[in-house]
Amino acid sequence: MLDQQALNTQNVVVNTTQEELNLDSFEGYELISVEENDVFNQSVFPLLREEKNLLVLIDPAHEENFARVARSASRPKFPTEYSQIFVLTKNLDPSSIQLKVTNQVEKEELKNVVAMIPGKSLKDEYVVFGGHYDHLGIRSMGEGQDSIFNGANDNAAGTTAVIMLAKYFKELQNNERTLIFVAFTAEESGGFGSTYFSRQLDPDQVVAMFNIEMIGTDSKWGPNSAYITGFEKSSMGEILQKNLEGSKFRFEPDPYPQQNLFYRSDNATLAALGVPAHTISTSKMEEPPNDEPNYHKASDEIETLDMANMTEVIKAIALSSESIISGKDTPTRVEKLN
């Protein structure tokens, strides 16, 4: 009950990882009101990410959007002691509450795979090479249909690049800065692997991050080319291009800014902390028929990959990163997100 209003699954949404919540007062919860004329998206969805206990009272004028909160609250999340309770109500100034919530919480252990080559003279400065190893798993596609989403391009191609680069730099053994190689889990379900990884590092010590995503097909410019997301946000792209002068390969700025790719992959959490963390990709993110025909489909199989071109992309990353690894070049920082 909220004063005299009955509370049920039609007018209450709880964003929590607790198996049970019992409220008989407002103690420990901050009350927030979302009034009739407030902008729903701006007022409500940011609250799902707050690290505090909230009781959010939403005017019924927003009833059509209320179900969207339930969908967002049901998505996977890290364990937290905090909960956000959203109530659809005309009573934006209640005096009492009686609410018991019971949840079925499923816990799943996820793992990043990480390796490191210590630096020589600049051990406390890190260069990260990463790519996610998860994809969409198994989905029912109907009788007789392929139900296994292998993710050859998205992102076994990027994971392969990380492994090959680790092998290459281990054989060279000439890195002045420490190199970290990471295969991220759970990119497709919300970037959980890279978010957790970012929290384990001091971002001020991370000089650069190369996130490698979907490099198994030709880019829109054809062979021997790839693009860098957020090219204009740091000097990293310029450094990489300079190091490839005289070669047949070229890095281009992201041609799909409307897709906001810079904040849609595993570079995003480090970039938000100010790290020059960029994604390198060849994926065509345009409208059909000019997009990637196998993107997020069971047909994303190894046979669709251009191995020769993928090899050139990996070589280009290895060569272009050398001045950053040696300590000769340091990219400018990305502006932090508040």
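Located above this text is the structure these notes cover.
Residues numbered from 1 in each chain as written. Predicted model: local features only at pLDDT ≥ 70, side-chain atom pairs only at ≥ 80, totals over all residues. Heavy atoms only, no water.

Assigned secondary structure in the chain consists of 8 helices and 15 strands. Evaluated residue by residue, the chain yields a buried proportion of 48% over its 338 residues. Once local pairs closer than 6 in sequence are excluded, the contacts in the chain between residues at least 24 apart make up 84%. Per element, the accessible surface of the chain, about 17,600 Å² overall, is 48% carbon and sulfur. (Helix = DSSP H or I, 4+ residues; strand = E, 2+ residues; numbered from the N terminus. Buried < 20%, exposed > 50% of the residue type's maximum accessible area, 1.4 Å probe, protein only. Contact = heavy atoms within 4.5 Å. Areas by Shrake-Rupley, 256 points an atom, 1.4 Å probe, with all protein chains shown as cover.)

Here we take up helix H3 (residues 152-172). Compared with the 30 Å implied by 1.5 Å per residue over 21 residues, the 28 Å span of H3 between its first and last C-alpha is a close match. Taken residue by residue, H3 has Ala-152, Asn-153, Asp-154, Asn-155, Ala-157, Gly-158, Thr-159, Ala-161, Val-162, Leu-165, Ala-166 and Phe-169 as its buried positions. Those residues of H3 hidden inside the fold are in contact with strand S7 (113-117), strand S8 (122-132), strand S11 (177-184), strand S12 (206-212), helix H7 (307-320) and helix H8 (322-325). Residue Gln-173 follows H3 closely and has a positive phi angle near 55°. (Expected span 1.5 Å × (residues − 1).)

On to the pattern of salt bridges. One side chain can pair with another of opposite charge once the charged atoms of both are near each other. Summed over the entire model, instances satisfying the criterion amount to 7 salt bridges. A salt bridge links Lys-111 to Glu-109; the nearest nitrogen and oxygen atoms lie 3.1 Å apart. The class for Glu-109 is exposed, based on a relative accessible area of 65%. The partner of Glu-312 in a salt bridge is Lys-315, and the shortest N-O contact between them spans 3.6 Å. Of this pair, Glu-312 and Lys-315 both sit in helix H7, 3 residues apart, which is roughly one turn of that helix. Overall, Lys-315 belongs to the partly exposed group, its relative accessible area being 46%. (Salt bridge = Lys/Arg side-chain N within 4 Å of Asp/Glu carboxyl O.)

Counting buried positions along strand S4 (residues 54-58) gives 5 out of 5 residues, so the element sits mostly inside the fold. Note that strand S3 (residues 30-34) and S4 share 5 bridges and pair parallel. Bridge assignment links Val-34 to a residue of S4, and that residue is Ile-58. In terms of strand pairing, S4 meets strand S5 (residues 84-88) through 5 bridges, oriented parallel. Within S5, the residue paired with Leu-54 across the bridge is Gln-84. As for the winding sense of the linkage, the β-α-β connection from S4 through helix H2 (residues 63-73) to S5 is right-handed. (Pairing = 2+ DSSP bridges. Right-handed = clockwise from strand over helix to strand, strands pointing away.)

This part takes up the sheet that holds S5. Backbone hydrogen bonds hold the strands of a sheet together, and the pairing may be parallel or antiparallel. Taken in spatial order, the 4 strands of this open sheet run S1-S5-S4-S3, and their pairing is mixed. On the outer flanks of this sheet lie strand S1 (12-15) and S3, each paired with one strand and no other. The sheet shows a mean angle of 15° between the axes of neighbouring strands, direction not considered. Sheet strands in contact with H2 are S1, S4 and S5, and its direction is about 30° off that of S1. (Axes fitted to C-alpha atoms, helices over the stretch in contact; angles between N-to-C directions.)

Here we take up the nonpolar core. Formed by 34 residues in total, the largest nonpolar core has its most connected members in Phe-129, Phe-210 and Phe-251. Residue assignment for this core shows that the elements contributing at least two residues are S8, H3, S11, S12, strand S13 (225-228), helix H5 (236-243), H7 and H8. If sequence neighbours within four positions are ignored, Phe-251 has contacts with Ala-226, Ile-228, Leu-240, Gln-241, Leu-244, Ile-280, Ala-316, Ile-317 and Ser-320. (Core = buried A, V, L, I, M, F, W, Y, C linked by side-chain atoms within 4.5 Å.)

For H7, which comprises 14 residues, the first-to-last C-alpha distance of 20 Å matches the rise-based estimate of 20 Å (1.5 Å per residue) to within 8%. All buried positions along H7 are accounted for by Asn-309, Met-310, Val-313, Ile-314, Ala-316, Ile-317, Ala-318 and Ser-320.

The interhelical angle for the contact between H3 and H7, taken along N-to-C directions, is 45°, at an axis separation of 10 Å. The pairing of H3 with H7 is recorded here as oblique in orientation. As H3 runs across H7, the sense of the crossing is right-handed. Residues Ala-157, Thr-160, Ala-161, Met-164, Leu-165, Tyr-168 and Phe-169 of H3 form the contact with H7, whose own contacting residues are Met-310, Ile-314, Ile-317 and Ala-318. (Parallel < 35°, antiparallel > 145°, perpendicular 65-115°, else oblique. Left-handed = near helix turned anticlockwise from the far one by under 90°.)

The subject of this paragraph is the pairing of strand S6 (residues 99-102). Looking along a regular strand, one sees the side chains alternate between the two faces of the sheet. The alternating pattern of S6 places Leu-99 and Val-101 on a buried face, while none of Lys-100 and Thr-102, on the opposite face, is buried. Alignment of strand S2 (residues 20-23) against S6, held across 4 bridges, turns out to be antiparallel. Among the inter-strand pairings, Glu-20 is bridged to a residue of S6, identified as Thr-102.

Moving on, we get to the side chain of Thr-217. When you line up the elements, Thr-217 lands in the loop between S12 and S13. The exposure class of Thr-217 is buried, given its relative accessible area of 13%. Within the structure, the side chain of Thr-217 is placed 2.9 Å from the side chain of Glu-292, a separation counted as a polar contact. What Thr-217 contacts, discounting residues up to four positions off in sequence, is Asn-153, Thr-282, Lys-284, Glu-292, Thr-304 and Asn-309. (Polar contact = N/O pair within 3.5 Å; in protein donor to acceptor, adjacent residues only side chain to side chain.)

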